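The primary structure of each chain is shown beneath.
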Amino acid sequence: MERSSTVRGDGMTASELLTARPGTAALDDHGVATALGGLVDGAGYWSGTGALAGIERTGRYLAGWGEPGEGPGRAGEGSWTRFIGRIGAVALRAAVEPTRDERRRRLLALLEIWADSPFADSPARIRTGLVRVAEGGPEAVRDERGAAVAVGWSAGGLRKFVDLRAGEADPPGLGTIEEVTGVPCGGWGDAGQLRRLVDLVRERGPVPWDLDAVAELRDGTGMGRAAASFALAGMVSGGYLPHLDDRERRIHRLKVAEVEDGVREPGRMSPPDRLGLLADVLPGDPAELWEPQGMRAVARRIAHAWRERYGRRTVVPERTFDTFIGVDQVRLSAGRFCAAFTDHASIRGLGSNLDTWIRNSDFRPFPTAGGWDLVDFRDTLHVVVPNLFRVYAELPAGDPVRAGAPGLVRALSERLDHPGLLLDAGHLHPAVGHEVADVHDRFGSRPYAGPEPLDVASADDGLTVVVDGVVDRAGVRSRPRLYFRPAFHGDDERSRTLREARSDSRYDPDLGLVEWLRGPVCARVVERLEDSSLPPGTYETNPVFSAPGVLGRAARGLGVDEDAAALYLQLLTLYAPVDRAIRTWNGWKPARHQKAAAVLVEHGLAVEDGRARAGRRLFLPGEWIHAGKPYQPMEAWKAELLGLERSYNGRLENPLPLPTRTLPELFARAWELVEEGRGPSA
């Protein structure tokens, strides 16, 4: 196996262990991590030079080049070893048109290196994993049985490793192997396929983008268009996509907001998950990618792999999907939001009950269920409840997301009824106490009993668990926290004690959402959602269908036709009656909309104006309140009707309160105020 003195045809001895490709050195810098974004970990470890050369040296060492004692050095933090058996995901990204050229050059260089390495052979003789190495021990070993190399950096005495068996016996070891990671065998990406793909990209240019293939992938999975476009480009990643430039967005045909939403849609897919999804989607002969149907075949293979792993979501109309882009910049993408309504049983934390417990942390004790189930459940609760009214109001009867809302409410309610679920009720109010010992008279003195003893004092009355804060490095103790079991929350004395003990209820993490979801307003919203009297394709926001009696009274009272009366009721009540939405909800062409607006202006019921971030030209008379993004500016009269509170600077910069009325009730209340002489006035 030893070839340490061999002189290669390029004049370089194998013992030098340097990259053999003159053009690679210029590419071998921190740009490699960016090109591989989302597929490797620890980008900071890749910021120096030598990443591509390090991968090549590792492969050459395993193949027998160089002196046995020479270590090949590091390439990033070693996560590149997960490409073994999954290099097809990198190849897809390297081949397609949206990948920018400076990233493509690095990806093609890596594929060339890979093709010349043992990693492109059948990986059955290769293992990766974690090894416990002695301090000062070797970073690479090799003998007649094979070779082993430590990659990345030490963490608690553990190093990632890759080894290659030369025969039947295990290769030499670097220490005690703690974990072996399975390496896929027989997938796409042998040396011939890699070299052919690289040559074709350089001869023909990247594979032209196919928007029909994107649509096919979307329809085959239920993903949003942006997420499908990224998956087809080999960019299923949270870290890579925000760096798209204008050219890339033009190829994808996506706006910035769509890009940001599409990034979040895959959720918490890990880099190995992303690699596994895309590893075997390229054709056996890479030349087929340039055929007219080439990318559509790739889309079908990605869709099949997606469905095997995650199932198929219900495909929702583009208009519905677009309605909820940006619905929550942190917790849920539009795709995951819609899926909560159409396929809620598939959402982690919604399909079965959650048994939670409180665990210690440096920050504060907090509930967990292990894994991500509780996090996903709370994300769904926090986004669905505040936006349920939008689903009810802004989607037409018959829409799949709207139709799924009652089932989702029931699923959430069932999870909340499970006695093993603990949620967050916020901080203990300072006026009530500053530590658990101060509230024994309210919550008793029995401590919380869970799988692990808490590091701080606690009290548990069966409904509420109070835990002391922790002391930070500055010696300051955080405020006590309240957790509660929603299954036991209601209208009893313990529940009233919990409500009185918490801090400002407007900022309760979970309690206010639970109470609204179980309350009468939510029940009436669900009743309206299930009411079959709203014709398919029509909207609850149109009083012609949702409040015809109120509409008739308004038309007679104002002395205007039905269109003008409907528009007036919408201006009085709807949070954002922008012109485009009004025409959609009412089924109006611009001329009809303008005619109704002119009637209101003529009767002194509205004024025409141009106002920033309003999206309309027709307004109620009276004071106008500005708002900071993402909140909506509006008339002061309507803000009061909807219960919006102004912030300290007089602007509307507080979250929209949870609804207190259905739309028919809101139309009726607004008209009552007008009839009583308390309507908007200049």
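Residues numbered from 1 in each chain as written. Predicted model: local features only at pLDDT ≥ 70, side-chain atom pairs only at ≥ 80, totals over all residues. Heavy atoms only, no water.

As for the overall build of the protein
- Scanning the protein from terminus to terminus reveals 26 helices and 15 strands.
- A total of 682 residues make up the protein; the buried ones form 54% of that total.
- Residue pairs at least 24 apart in sequence account for 69% of intrachain contacts in the protein once pairs closer than 6 positions are excluded.
- Element-wise, carbon and sulfur atoms account for 49% of the exposed surface of the protein, whose accessible area totals about 29100 Å². (Helix = DSSP H or I, 4+ residues; strand = E, 2+ residues; numbered from the N terminus. Buried < 20%, exposed > 50% of the residue type's maximum accessible area, 1.4 Å probe, protein only. Contact = heavy atoms within 4.5 Å. Areas by Shrake-Rupley, 256 points an atom, 1.4 Å probe, with all protein chains shown as cover.)

Some thoughts on the confidence of the model for the protein
- Summarising the model, the protein shows a mean pLDDT of 89, and 93% of its residues fall at 70 or more.
- Within the protein, no element has a lower average pLDDT than helix 1 (residues 31-35), which sits at 86, and none a higher one than helix 22 (residues 562-573), at 98.
- Predicted confidence for residues 1-18 stays below pLDDT 50, and this span has 41 contacts to residues more than four positions away or in other chains. (pLDDT = per-residue confidence, 0-100.)

Describing the pattern of salt bridges
- Enumeration over the complete set of coordinates arrives at 49 salt bridges.
- The partner of Asp-41 in a salt bridge is Arg-82, and the shortest N-O contact between them spans 2.6 Å. With a gap of 41 residues between them, Asp-41 in the loop between helix 1 and helix 2 (51-63) and Arg-82 in the loop between helix 2 and helix 3 (88-95) connect regions that are remote in the sequence.
- Residue class for Asp-41 comes out partly exposed when judged on its relative accessible area of 29%.
- The exposure class of Arg-82 is buried, given its relative accessible area of 15%.
- A salt bridge links Glu-635 to Lys-638; the nearest nitrogen and oxygen atoms lie 3.7 Å apart. As far as burial versus exposure is concerned, Glu-635 and Lys-638 are alike and both buried.
- Connected through salt bridges with shared partners, the residues Arg-100, Glu-102, Asp-245 and Glu-248 form a single ionic network. (Salt bridge = Lys/Arg side-chain N within 4 Å of Asp/Glu carboxyl O.)

Some remarks on the packing of aromatic side chains
- One pass over the full model with this rule turns up nine aromatic pairs.
- Measuring from ring centre to ring centre gives 4.8 Å for Trp-114 and Phe-119, while their planes differ by 40 degrees; the resulting arrangement is tilted.
- Overall, Trp-114 belongs to the buried group, its relative accessible area being 1%.
- Owing to a relative accessible area of 3%, Phe-119 belongs among the buried residues under this scheme.
- Ring pairs connect the aromatic residues Trp-80, Phe-83, Trp-114 and Phe-119, which therefore count as one cluster.
- When the ring centre of Tyr-61 is taken as origin, the NZ or CZ atom of Arg-142, which lies over that ring, is 4.4 Å away.
- Residue placement shows Arg-611 over the ring face of Phe-619; its charged tip is 4.1 Å from the ring centre. (Phe/Tyr/Trp six-rings, centres within 6.5 Å; stacked < 30°, edge-to-face > 60°. Lys NZ or Arg CZ within 6 Å of the ring centre and 35° of its normal.)

Notes on the sheet that holds strand 3 (residues 146-155)
- Taken together, the five strands give an open sheet; going across it, the order is 2-3-4-1-5, and neighbouring strands pair in antiparallel fashion. Each having just a single partner strand, strand 2 (140-143) and strand 5 (176-181) make up the two edges of the open sheet. Direction aside, the axes of adjacent strands within the sheet are offset by 25 degrees on average.
- Across the sheet, helix 2 is in contact with strand 2, strand 3 and strand 4 (158-165); its angle to strand 3 comes to roughly 145 degrees. (Pairing = 2+ DSSP bridges. Axes fitted to C-alpha atoms, helices over the stretch in contact; angles between N-to-C directions.)

Description of the nonpolar core
- Ranked by size, the top nonpolar core spans 97 residues in total, and within it Phe-337, Phe-341, Leu-423, Tyr-568 and Leu-600 carry the most contacts.
- Looking at which element gives the most residues to this core, the answer is helix 14 (residues 373-394), with eleven residues.
- Listed in part, the 86 residues of the second largest apolar core include Ala-33, Val-90, Ala-226 and Ala-233. (Core = buried A, V, L, I, M, F, W, Y, C linked by side-chain atoms within 4.5 Å.)

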